[in-house]
Amino acid sequence: MDRYAVIGNPIAHSKSPWIHAAFARQTAQAMRYEAVLAPLDGFADALARFRAEGGRGLNVTVPFKLEAFALATRCTARAEAAGAVNTLAFTDDCILGDNTDGAGLVRDLTVNLGCPLGGRRILLVGAGGATLGALLPLLGQHPAVLTIANRTSSKAATLAQAFAPQAGDTRLGGCGFDALAGQGFDLVINATSASLAGELPALPPGLYAEGALAYDMMYGRGRTVFMQAALDDGATRVADGLGMLVEQAAESFALWRGVRPDGAPVLAELRRLIEAG
Ligand code: NDP
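Residues numbered from 1 in each chain as written. Predicted model: local features only at pLDDT ≥ 70, side-chain atom pairs only at ≥ 80, totals over all residues. Heavy atoms only, no water.

(A) Main features of the sheet that holds strand β1 (residues 2-8). Within the open sheet, the six strands sit side by side as β2-β1-β3-β5-β6-β4. Their pairing is mixed. One side of each edge strand has no neighbouring strand; the edge strands of this open sheet are β2 (31-37) and β4 (74-75). Bridge analysis of β1 against β2 gives seven bridges, and the strand direction is parallel. Directly across from Asp 2, in β2, lies its bridge partner Met 31. Contacts from helix α2 (residues 43-52) reach β1, β2, β3 (57-60), β5 (87-91) and β6 (94-98), with the element oriented near 170° to β1. (Pairing = 2+ DSSP bridges. Helix = DSSP H or I, 4+ residues; strand = E, 2+ residues; numbered from the N terminus. Contact = heavy atoms within 4.5 Å. Axes fitted to C-alpha atoms, helices over the stretch in contact; angles between N-to-C directions.)

Okay, structure coming up:
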């Protein structure tokens, strides 16, 4: 049976084995998917061992996405743009690196949440790994405006400059939080790690245009602090990143197996399990 795994440290909390088992059932694929805990200084060894044992592919999570990028012998354009890899596919002579996070985000927004991105004004908050992975797929949707805002404003400006050649008709910019005052957005994506600590990025009030969606890449039971603050500040709709998690997994699954699972029913069931505690 073909073997796959998610590798990270820590890894016990990972929902990926559950998600991929659901995809395998849904698409009638004979495969096994497990969780591998790699020592913080032992990612390359753990990868080599898994591959030598016949493993066909890995999902890579915190803190190994940059190392995975360095170890891949070939990368997709979106992995090159992100400088990070969350999906590895092994063949005899190649370690292919891909980054499916941004595609998962876009699919969750456009398909699961019915939020078209073309011509819209998008604010992407944060300038870390999640933002890097999201930029190219978001630009591919041709929004009218894509503004990257970060606590450390220079990082946002640098990112906007780096992705300017891929911006096409999109007005791409980078700034600090204060510079956002007075602007309105149709979609605000929180790609900071602030929610993990129960904190909020210090955004100015009034950023949500009529009908706007606030999206927190973090997920969990109930609303995140960001989702609640967005509702309080006038966002019409809020969503967390559980759909992104499921859809990035679907994209990895499609790369490995050549068949695309339907993320929506798996997301609905996972949501039910999480809310039930
Ligand atoms: P990084 O550590 O790479 O980036 C952290 C970013 O958060 C930086 O821009 C940092 O700003 C900012 N930040 C941290 N704390 C605060 C704060 N208190 N106020 C304002 N800004 C803050 O993290 P990642 O990019 O890897 O992950 C970001 C989030 O996305 C996490 O919550 C992660 O769980 C989630 N994620 C979800 C996925 C999904 O499938 N749903 C997939 C990938 C990520 P500064 O530069 O100023 O330090």
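(B) Fine view of the site of the ligand. Looking at the ligand, there are 22 residues lining it, with Ala 127, Ala 130, Asn 150, Thr 152 and Lys 155 nearest. Side-chain polar atom of Arg 151 to an oxygen atom of the ligand: 2.9 Å apart, as the coordinates give it. When the free accessible area of the ligand is taken as 940 Å², the share hidden by the protein chains comes to 77%. Elements with a contribution of two residues or more to the shell around the ligand: α6 (129-139) and α9 (242-257). Class assignment of the residues belonging to the shell around the ligand gives a composition of 11 nonpolar, eight polar and three charged. (Near = heavy atom within 4 Å. Polar contact = N/O pair within 3.5 Å; in protein donor to acceptor, adjacent residues only side chain to side chain. Areas by Shrake-Rupley, 256 points an atom, 1.4 Å probe, with all protein chains shown as cover. Nonpolar A, V, L, I, M, F, W, Y, C, P; charged D, E, K, R; others polar.)

(C) Geometry of the environment of Phe 90. Mapped onto the elements of the fold, Phe 90 is located in strand β5. A residue is classified by how much of its surface remains accessible, and Phe 90, at 7% relative accessible area, is buried. Separated by 166 residues in sequence, Phe 90 and Trp 256 place their C-alpha atoms 9.1 Å apart. Ignoring anything within four residues of it in the chain, the contact list for Phe 90 reads Leu 47, Phe 50, Arg 51, Gly 55, Arg 56, Gly 57, Leu 58 and Ile 95. (Buried < 20%, exposed > 50% of the residue type's maximum accessible area, 1.4 Å probe, protein only.)

(D) Representation of the side chain of Asp 98. Residue position: Asp 98 is located in strand β6. For Asp 98, a relative accessible area of 1% gives the class buried. With residues near it in sequence (within four places) discarded, Asp 98 still touches Thr 76, Arg 78, Ala 79, Val 85, Asn 86, Thr 87 and Leu 255.

(E) Fine view of the sheet that holds strand β10 (residues 185-190). With parallel pairing, six strands are arranged side by side in an open sheet as β9-β8-β7-β10-β11-β12. Edge positions in the open sheet fall to β9 (171-175) and β12 (237-239), since each of these has one partner strand only. Across this sheet, the average inter-strand angle for adjacent strands is 15°, counted without regard to direction. Where β10 lies against strand β11 (residues 208-216), five bridges are found, and the strand directions are parallel. Note that in β11 the partner of Leu 187 across the bridge is Leu 213.

(F) Seen up close, the packing of aromatic side chains. Here the structure, examined in full by the defined rule, presents four aromatic pairs. Where Tyr 33 meets Trp 256, the ring centres are 6.3 Å apart and the plane angle is 45°; that geometry is what we call tilted. Placement of Tyr 33 in strand β2 and of Trp 256 in helix α9 is noted, with a sequence separation of 223 residues between them. By way of ring pairs, the aromatic residues Tyr 4, Tyr 33 and Trp 256 are connected into one cluster. (Phe/Tyr/Trp six-rings, centres within 6.5 Å; stacked < 30°, edge-to-face > 60°.)

(G) Focus on the pattern of salt bridges. Scanning all chains against the criterion turns up 13 salt bridges. Across the pair Glu 251 and Arg 78 runs a salt bridge whose closest N-O atoms are separated by 3.2 Å. Of this pair, Glu 251 sits in helix α9 while Arg 78 sits in helix α4 (residues 77-82), and the two are 173 residues apart along the sequence. Glu 251 gets classed as buried once you look at its relative accessible area, which sits at 18%. A residue is classified by how much of its surface remains accessible, and Arg 78, at 24% relative accessible area, is partly exposed. With its nearest N and O atoms 3.4 Å apart, the salt bridge here joins Glu 247 to Arg 107. Taken together, the residues Glu 247 in helix α9 and Arg 107 in helix α5 (residues 101-112) connect sequence positions 140 residues apart. Judged by relative accessible area, Glu 247 falls into the buried class, the value being 1%. Overlapping salt bridges bring together Arg 3, Arg 32, Glu 34 and Glu 53 as one network. (Salt bridge = Lys/Arg side-chain N within 4 Å of Asp/Glu carboxyl O.)

(H) Quick peek at the domain arrangement of the chain. We note that the domain assignment places domain 1 (2-99 + 245-276) and domain 2 (102-240) within the chain. Computed from C-alpha atoms alone, the centre-to-centre distance between domain 1 and domain 2 is 25 Å. Tallying the contact residues gives 15 residues for domain 1 and 15 residues for domain 2. With both chains or domains summed, domain 1 and domain 2 bury close to 1,300 Å², and 55% of this area falls on carbon and sulfur atoms. (Domains from an automatic or database assignment. Buried area = accessible area lost by both parts, 1.4 Å probe.)

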